Amino acid sequence: MTTTQSALPLILDTVEVMRVDRLSPSFVRFELGGACLAEFGVEGPTYDQRIKLVFPGVPGGPPPSFEGVDESWWETWQSRPAEERGHLRTYTIRSVVGAGVDTRLVVDIVVHPDDHGGLGPGCDWAARARVGDQLVVLAPRRGHEYGGIEFRPGTANRLLLAGDETAVPAICAVLEQLPVNARGAAFLEVPVGADVLTVQHPEGVEVVWLPRDGAAHGTRLHAAVRDHLGAPFLSATDVDEVDPDLWETPTYSSSGEDVDSAVAVVGHDLDDVYAWIAGESAVVTGLRRALVKELEMDRRQVAFMGYWRRGVSMA
Ligand SMILES: Cc1cc2nc3c(=O)[nH]c(=O)nc-3n(C[C@H](O)[C@H](O)[C@H](O)COP(=O)(O)OP(=O)(O)OC[C@H]3O[C@@H](n4cnc5c(N)ncnc54)[C@H](O)[C@@H]3O)c2cc1C
């Protein structure tokens, strides 16, 4: 079933759906397996480790083959016809089960109604996929630098994790890998009450699920985070400009800000907090403004990541 491209410093290979579980109205869990995953590995916890999945270009069809590719695989892949190339999207490793050739990557994919922007190929695949279906995974190969873990709390004493449903797999994975003495709070906004999942977490980290139940996307998350930090609530949609590619971490700024020039407010109430926030770009942009501009949190203590954009395909 699989081919091994040992020349590449990452895994780029076909995997198979070994198991499918509908966890809730909005989450479908997949266990992806293949001999290539025997080579999977990262240094330390996987936390919010991102991977890429390549879905078949034609629903029910075969995924693209990467057999025999070399370092120029990206250019070669881009030059293929669209229906052959398939669709590449980003997801999180929720957990890893098994070992050796039986290693499986567990991935939770959000299925959502069409919001008039059309259903994306990732969501569409997740809604139909069955055991035995094939796709391609791009993931870290043991012993090689891959990147893709943004959760880096350093020496912070208090954690703030916040996200919408697309960030639930990452937040849950982080919660389950934190040291037992970790402290802080996690806010997870999900479409409906039935999407509240069971997650293990340290006693000192409060976990708050926020079902939207029809409220505007991000409103409950925004209010809960502001309330937690002691900031007065403004409307979550009160965002003048959405940064479409929002990705601001202590080491990288999508807007080109000079990361090292961030000025810390000395003696700030929040200077022992590390915040990790991900989800729909407008929602994350609003939270960024609240934390960095209004509350003057040191931006080296925060990671803000736009995981998707309403009405825009992440192709
Ligand atoms: C680092 C990282 C980790 C991620 N981890 C996960 C994960 O573990 N699980 C997961 O499900 N997603 C995750 N995402 C988000 C996922 O990549 C996006 O939601 C992506 O747009 C899904 O692709 P698609 O083909 O379904 O839709 P696209 O083709 O990208 O978009 C098509 C339409 O669907 C809309 N859309 C996309 N996602 C949603 C949504 N969740 N709700 C409502 N409308 C939506 C778009 O706005 C657009 O109108 C992650 C993203 C990043 C950057």
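In this text, all values refer to a predicted model and were calculated from it rather than measured experimentally. (Residues numbered from 1 in each chain as written. Predicted model: local features only at pLDDT ≥ 70, side-chain atom pairs only at ≥ 80, totals over all residues. Heavy atoms only, no water.)

Asker: Could you clarify how one ought to interpret the side chain of Asp-298 in this entry?
Answerer: Considering the arrangement of structural elements, one finds Asp-298 in the loop between helix H6 (281–294) and strand E14 (302–308). Here the side chain of Asp-298 touches Arg-300 through a polar contact of 2.9 Å, landing on its backbone nitrogen. (Helix = DSSP H or I, 4+ residues; strand = E, 2+ residues; numbered from the N terminus. Polar contact = N/O pair within 3.5 Å; in protein donor to acceptor, adjacent residues only side chain to side chain.)

Asker: Sorry, what's going on with the nonpolar core here?
Answerer: Across soluble globular proteins, nonpolar side chains have a tendency to be buried as a group. Phe-151 and Trp-276 are the most contacted members of the largest nonpolar core, which totals 29 residues. Within the second largest apolar cluster, 26 residues are counted, among which are Val-284, Ala-290, Val-292 and Met-297. (Core = buried A, V, L, I, M, F, W, Y, C linked by side-chain atoms within 4.5 Å. Buried < 20%, exposed > 50% of the residue type's maximum accessible area, 1.4 Å probe, protein only.)

Asker: How should I be thinking about unusual backbone geometry in this particular structure?
Answerer: Glycine aside, the phi torsion of most residues is negative, and most peptide linkages are trans. The phi angle at Asp-213 is positive, at roughly 45°, despite the residue not being glycine. By the secondary structure assignment, Asp-213 is in the loop between strand E10 (205–211) and helix H5 (219–229).

Asker: Help me understand the pairing of strand E1 (residues 10–22) in this model?
Answerer: In the case of a regular strand, side chains alternate between the two sheet surfaces. Pairing between E1 and strand E7 (residues 134–140): 7 bridges, direction antiparallel. Across the sheet, residue Glu-16 finds its bridge partner in E7, namely Gln-134. When E1 meets strand E2 (residues 27–33), the two strands line up antiparallel, connected through 6 bridges. When the sheet's bridge partners are listed, Asp-21 is paired in E2 with Arg-29. Hairpin connection from E1 to E2: 4 residues lie between these consecutive antiparallel strands. (Pairing = 2+ DSSP bridges.)

Asker: It is not clear to me how the sheet that holds E14 should be interpreted in this structure. Could you clarify?
Answerer: By definition, the strands of a sheet pair up through backbone hydrogen bonds, in either a parallel or an antiparallel sense. If you walk across this open sheet you meet the 7 strands as E10-E9-E8-E13-E14-E11-E12, and the pairing is mixed. In this open sheet, the two strands that pair with only one neighbour each are E10 and strand E12 (252–253). When strand E8 (residues 158–163) meets strand E9 (residues 184–190), the two strands line up parallel, connected through 5 bridges. Residue pairing across strands places Leu-161 opposite Ala-186, the latter belonging to E9.

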